[in-house]
Structure formats: C-alpha cells, structure tokens
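Take a look at the letters that make up each chain.
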Amino acid sequence: MKTKLLLIVLALFVTTACSGEPPATVTVTPPSSASKAPAGPDAKTVAWLDGMCGAIYGYMKASNDYASKQRSGTEVTRNALKEELGIRAGFAGKAVDELTALPPSPIPGGDTVRKSLVDQYTAARDAANTGKQRLEKSGNSAAMDAAIQAMDATQKPITETPDLMPALKIDTQDLMAAAAEAKKCAAPH
C-alpha cells in the first residue's frame, strides 16, 4: 500500500517537474484499515431463542414450583387428582401455545426441534385433559389408574426434553453469541 502511494506521488512529481508548471497539491487518503466494530448478535435469532427457552424452561419452572408447594403425605383423592391434571394440562398448553406462536426459526433445523417439542408438550397436555375427563365421568379404579398414568405423561417433557443448545446445534460463533444474549436461555429458571 505504501509502495503504491509512493509511486503515485513520484509519478505526479516527475510529471509536474517536466511540464514546468507548479506542482499540484495532491491529497491521498488511504482506506481506513480499522474495521467496523462487529455487529451484535442477530436480534431475530435472539428473540426466537428467548421464545423457545422461555416456553420450555417456563414449563419446567411452573411444574417444579407447583410440585414443591404440594404437601407430602397428602391422600390422593379423585378431586385432588382432577385439579392437578387440570393445572398441569394448563402448563403444557401454555408451552404449546408459546412454541406454536414462534416465527419460523432463523436457525437451521430449529423448526424440526420446535415441532418435536410441540409434539411432546401436546401429548402431555392431551394426556392430562383425557385423564381429567375420565375422572369427571367416573371415579372408579380404572379412571384413577388412567389419571395416574396421565400424571406420569405430564412429567415426560421434563425428563425427555433434550438440552436445547446441543439439540439446536448452537455451534457457530454467531449462534453462540445469540444464545448468550437470549436471557431466557441462560439457565433453567
């Protein structure tokens, strides 16, 4: 770059000196070698990750908070089980709604992961609703057994949800920066 600039100045000097005219003032501004500051993570990716993490970790937190408020040693009655299934169906339904409301994923393969999670949470919601309905229609032992199985189904998203970052293949610098910026992905709340 300096050599090129020196040759241009030398050529101007020689041309001017040989023509007998006064030398012209030439100002050469080299292009800035300082690069622009790196842009922050893509806002759409950050928002999408926040929505995804918020839905999943929100379900886990709500479910765990609810479970921790339950008294141990309480007798499981038909009405108590019916109420709990309704609450857990609501938690799963909220996760399904939040995941479904997300725009298309800006992350390659993100929509596949989201669909898998929607399917899991939909199954949990539907199992809880079905178990609750069976209890409302009948209080017999078959309905109680089905309700207890439905309770187990509401726990599957907690035990079977993959770790989101590896599942979403957050493996590039851009995606890692977006994930770091997504506050709801910081840690399960």
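Residues numbered from 1 in each chain as written. Predicted model: local features only at pLDDT ≥ 70, side-chain atom pairs only at ≥ 80, totals over all residues. Heavy atoms only, no water.

## Considering the side chain of Gln 120
Step number 1: Structurally, Gln 120 can be placed in helix H4 (residues 110–137).
Step number 2: Taking relative accessible area as the criterion, Gln 120 reaches 18% and is therefore assigned buried.
Step number 3: The residues touching Gln 120, leaving out its near neighbours within four places in the chain, are Lys 156, Pro 157, Glu 160 and Thr 161. (Helix = DSSP H or I, 4+ residues; strand = E, 2+ residues; numbered from the N terminus. Buried < 20%, exposed > 50% of the residue type's maximum accessible area, 1.4 Å probe, protein only. Contact = heavy atoms within 4.5 Å.)

## Section: H4
Step number 1: With 28 residues, H4 ought to run about 40 Å at 1.5 Å a step, and its terminal C-alpha atoms sit 40 Å apart, in line with that.
Step number 2: For H4, the full list of buried residues reads Gly 110, Val 113, Arg 114, Leu 117, Val 118, Gln 120, Tyr 121, Thr 122, Ala 124, Ala 128, Gly 131 and Leu 135.
Step number 3: Buried residues along H4 sit in contact with helix H2 (43–69), helix H3 (78–101), helix H5 (141–160) and helix H6 (164–167). (Expected span 1.5 Å × (residues − 1).)

## So, the packing of H2 against H4
Step number 1: Where H2 meets H4, the axes come as close as 12 Å, and the angle between the chain directions of the two elements is 25 degrees. In terms of axis orientation, H2 runs roughly parallel to H4. Between H2 and H4 the crossing geometry is left-handed. Facing H2, whose interface residues are Trp 48, Met 52, Ile 56, Tyr 59 and Met 60, H4 presents Gly 110, Val 113, Arg 114, Leu 117 and Tyr 121.
Step number 2: The residue makeup of the contact of H2 with H4, split by class, is eight nonpolar, one polar and one charged. (Axes fitted to C-alpha atoms, helices over the stretch in contact; angles between N-to-C directions. Parallel < 35°, antiparallel > 145°, perpendicular 65-115°, else oblique. Left-handed = near helix turned anticlockwise from the far one by under 90°. Nonpolar A, V, L, I, M, F, W, Y, C, P; charged D, E, K, R; others polar.)

## Digging into the pattern of salt bridges
Step number 1: A full pass over the atoms with the stated rule returns seven salt bridges.
Step number 2: The salt bridge partner of Lys 61 is Asp 65, with a shortest N-O separation of 2.7 Å. Of this pair, Lys 61 and Asp 65 both sit in helix H2, four residues apart, which is roughly one turn of that helix.
Step number 3: You can call Lys 61 partly exposed: its relative accessible area is 34%.
Step number 4: Since its relative accessible area comes to 31%, Asp 65 is described here as partly exposed.
Step number 5: Between Glu 136 and Lys 132 there is a salt bridge whose closest N-O contact spans 3.8 Å. In this pair, Glu 136 and Lys 132 both sit in helix H4, four residues apart, roughly one turn of the helix.
Step number 6: In this structure Lys 132 comes out as partly exposed when scored by relative accessible area, which is 26%. (Salt bridge = Lys/Arg side-chain N within 4 Å of Asp/Glu carboxyl O.)

## Section: the packing of aromatic side chains
Step number 1: Going through the model one piece at a time under the given rule, you end up with two aromatic pairs.
Step number 2: Between Tyr 59 and Tyr 121, the ring centres sit 4.9 Å apart and the planes meet at 85 degrees, which makes this aromatic pair edge-to-face. Of this pair, Tyr 59 sits in helix H2 while Tyr 121 sits in helix H4, and the two are 62 residues apart along the sequence. Here the two residues Tyr 59 and Tyr 121 agree in accessibility, since each one is buried. (Phe/Tyr/Trp six-rings, centres within 6.5 Å; stacked < 30°, edge-to-face > 60°.)

## Regarding the nonpolar core
Step number 1: Counting 30 residues, the largest nonpolar core has Leu 49, Met 52, Ile 56, Leu 99 and Tyr 121 as the members making the most contacts within it.
Step number 2: If you list the elements that add at least two residues to this core, you get H2, H3, H4, H6 and helix H7 (173–181).
Step number 3: Here this core takes 10 residues from H2, the largest share from any one element.
Step number 4: Among residues more than four places away in sequence, those in contact with Leu 99 are Met 52, Ala 55, Ile 56, Arg 114, Leu 117, Val 118 and Tyr 121.
Step number 5: By size, the runner-up hydrophobic cluster in this structure holds 10 residues, among which are Leu 85, Ala 143, Ala 147 and Ala 150. (Core = buried A, V, L, I, M, F, W, Y, C linked by side-chain atoms within 4.5 Å.)

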